[in-house]
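Fold and geometry: a report
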There are 2 protein chains.
Amino acid sequence: MSDEIGNRPGGAPGLGGEGVDRLIEMLARLPGLGPRSARRAALHLLKRRESLMAPLAQTMAEVARTVRPCAECGALATAERCAICADPRRDAGLICVVEDVSDLWAMERSGAYAGRYHVLGGVLSALDGIGPDELRIPDLARRVREGAVREVILALPATMDGQTTAHYIAAQLEGLSAVTSLAQGVPVGGELDYLDDGTITAALRQRRGL
Amino acid sequence: MSDEIGNRPGGAPGLGGEGVDRLIEMLARLPGLGPRSARRAALHLLKRRESLMAPLAQTMAEVARTVRPCAECGALATAERCAICADPRRDAGLICVVEDVSDLWAMERSGAYAGRYHVLGGVLSALDGIGPDELRIPDLARRVREGAVREVILALPATMDGQTTAHYIAAQLEGLSAVTSLAQGVPVGGELDYLDDGTITAALRQRRGL
């Protein structure tokens, strides 16, 4: 039967044109979206052409054009300096060092920090061949040397590379400013039973008097 | 301590400008992306400005502008008729009725079908107040009446609404063409142990001689 015969390759090529295939292929490159969810996202967009697809395309183009790294701290900025570096209410005597912009956002959501930031853009990694010059560590040393920075708070990942980076930075800033690091310990609401040994050990070592 | 005081609202407003916030908010409206993964996707794009973000924006704008429903079957098309309706090698005597374009893509990936399609754009639903005229059922009847269609294959979801729609369409096409439906049964590689009772019942009812 003719309807049993068919030899089209998978992936529904060209259905809806080149463009849709390219759109799906690109959406699939976003973190959290696989080929399947990229197809769903593309159809979702096609059903919301005016309300979502066109505005999203425009916003994306605009952001790609206007957003750049802050010349001071490396965070996202639309001017030469980012909103935080340009904000006189933010304490310039405090610099919180983070690996990535997402960590900066996490710190900001906590609402517990009113100083400035420095975004490294990664952590030292012998494996990936990332050295101090790939990161923004020299800039950090310059900022500390030039500005009246009284404390540098390292908010780096509690991984091997993260801690290596923290120690390297501490050595670089020796004598220039106080260098502290976020406390490690039991997460708020965390149950000991579910914590890894490393966290429990750290929480024990850094125990506080009540 | 000044660095303990902070009263910025959550969501890191305006960090990196209006645009980034708007981008995240829009990305979060895609299926499969929540606020958190939308933030990750936005940063992923910002790090791939030239290689991904700008091209994606352009493709999205182009698709929003050029892709439209096929006048014949309702699938995605860049011309008046979609690639399948315009393809003379596709058997015009067969019409496979699907709920949505994603189902059409799934059928095409199987490579087992060489006929044409008809995309309803939904299924009948008393709950959501979706009647025959909200769907493309009248168009289907017209196509069958006008064209030399010998069989209409219903590939609709095995849900209550899907089956209601199937029976409604079958009634509409009575005497105009043969109407069949995809077989229900045990999925290839499926273990009985993991199948719901409905599927087992259907597979039993539709058992075949060997």
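Just so it is clear, the model here is predicted, and its values are computed rather than measured.

**Describing the nonpolar core**
The biggest cluster of nonpolar side chains holds 82 residues, and the ones touching the most others in it are L27(A), M60(A), L27(B) and M60(B). Leaving out residues up to four positions away in the same chain, L27(B) has contacts with L56(A), M60(A), L33(B), A38(B), A41(B), A42(B) and L45(B).

**Description of a nonpolar patch on the surface**
On the surface, V186(A), L192(A) and I200(A) cluster together to form a nonpolar patch covering roughly 240 Å² of accessible area. One can find I200(A) in helix 7 (residues 197-205).

**Observations concerning the packing of aromatic side chains**
All names here are of chain A. Taken as a whole and assessed by the stated rule, the structure comprises two aromatic pairs over all chains. Centre to centre, the rings of Y113 and Y117 are 5.1 Å apart; their planes meet at 65°, and the pair counts as edge-to-face. With respect to burial, Y113 and Y117 carry one shared label: buried.

**Describing the sheet that holds strand 3 (residues 91-98) of chain B**
Residue and element names in this part refer to chain B. Read from one edge to the other, the open sheet built from four strands follows the order 4-3-5-6, with strand pairing classed as parallel. The strands lining the two open edges of the sheet, one partner per strand, are strand 4 (115-119) and strand 6 (178-181). Averaged over all pairs of adjacent strands, the angle between their axes in this sheet comes to 30°, without regard to strand direction. By the bridge criterion, five bridges tie strand 3 to strand 5 (residues 151-155) in an arrangement that is parallel. Residue pairing across strands places I95 opposite V152, the latter belonging to strand 5. With respect to the sheet, helix 5 (residues 137-146) is in contact with strand 3, strand 4 and strand 5, its orientation differing from that of strand 4 by roughly 155°.

**A few points about the relation of the copies chain A and chain B**
When chain A is fitted onto chain B, the two copies agree to an RMSD of 0.1 Å after a turn of 180° and an axial shift of 0.0 Å. Here the two chains are linked by the operation of a two-fold rotation axis. Closest approach to the rotation axis among the C-alpha atoms of chain A is made by A57(A), whose C-alpha sits 2.2 Å away. A share of 100% of interface residues in chain A that are also interface residues in chain B marks the association as one of identical surfaces.

**Concerning the sheet that holds strand 4 (residues 115-119) of chain A**
Residue and element names in this part refer to chain A. An order of 4-3-5-6 is seen for the four strands of this open sheet, with the pairing classed as parallel. If you trace the sheet from one side to the other, it starts and ends with strand 4 and strand 6 (178-181), each paired once. Looking at each pair of strands side by side, their axes are set apart by 30° on average, direction ignored. Helix 4 (residues 101-110) rests against strand 3 (91-98), strand 4 and strand 5 (151-155) of the sheet, and its axis sits at about 160° to strand 4. Of the strands in this sheet, strand 3, strand 4 and strand 5 touch helix 5 (residues 137-146), which is tilted by about 150° from strand 4.

**Notes on the domain arrangement of chain A**
Each assigned domain of chain A is listed with its residue range as follows: domain 1 (5-66) and domain 2 (76-209). Domain 1 of chain A and domain 2 of chain A are separated by 37 Å when their C-alpha centres are compared.

**Some words on the environment of R145(A)**
Residues and elements named next belong to chain A. Secondary-structure assignment places R145 in helix 5. What makes R145 exposed here is its relative accessible area of 54%. Separated by 31 residues in sequence, R145 and L176 place their C-alpha atoms 6.5 Å apart.

How each quantity is defined
- Residues numbered from 1 in each chain as written.
- Chains lettered and ligands numbered in written order.
- Predicted model: local features only at pLDDT ≥ 70, side-chain atom pairs only at ≥ 80, totals over all residues.
- Heavy atoms only, no water.
- Core = buried A, V, L, I, M, F, W, Y, C linked by side-chain atoms within 4.5 Å.
- Buried < 20%, exposed > 50% of the residue type's maximum accessible area, 1.4 Å probe, protein only.
- Contact = heavy atoms within 4.5 Å.
- Patch = residues over 30% accessible without salt bridge, like charges linked within 9 Å, V, L, I, M, F, W, Y side chains within 5 Å.
- Areas by Shrake-Rupley, 256 points an atom, 1.4 Å probe, with all protein chains shown as cover.
- Salt bridge = Lys/Arg side-chain N within 4 Å of Asp/Glu carboxyl O.
- Helix = DSSP H or I, 4+ residues; strand = E, 2+ residues; numbered from the N terminus.
- Phe/Tyr/Trp six-rings, centres within 6.5 Å; stacked < 30°, edge-to-face > 60°.
- Pairing = 2+ DSSP bridges.
- Axes fitted to C-alpha atoms, helices over the stretch in contact; angles between N-to-C directions.
- Least-squares fit on C-alpha atoms with pLDDT ≥ 70 in both.
- Domains from an automatic or database assignment.

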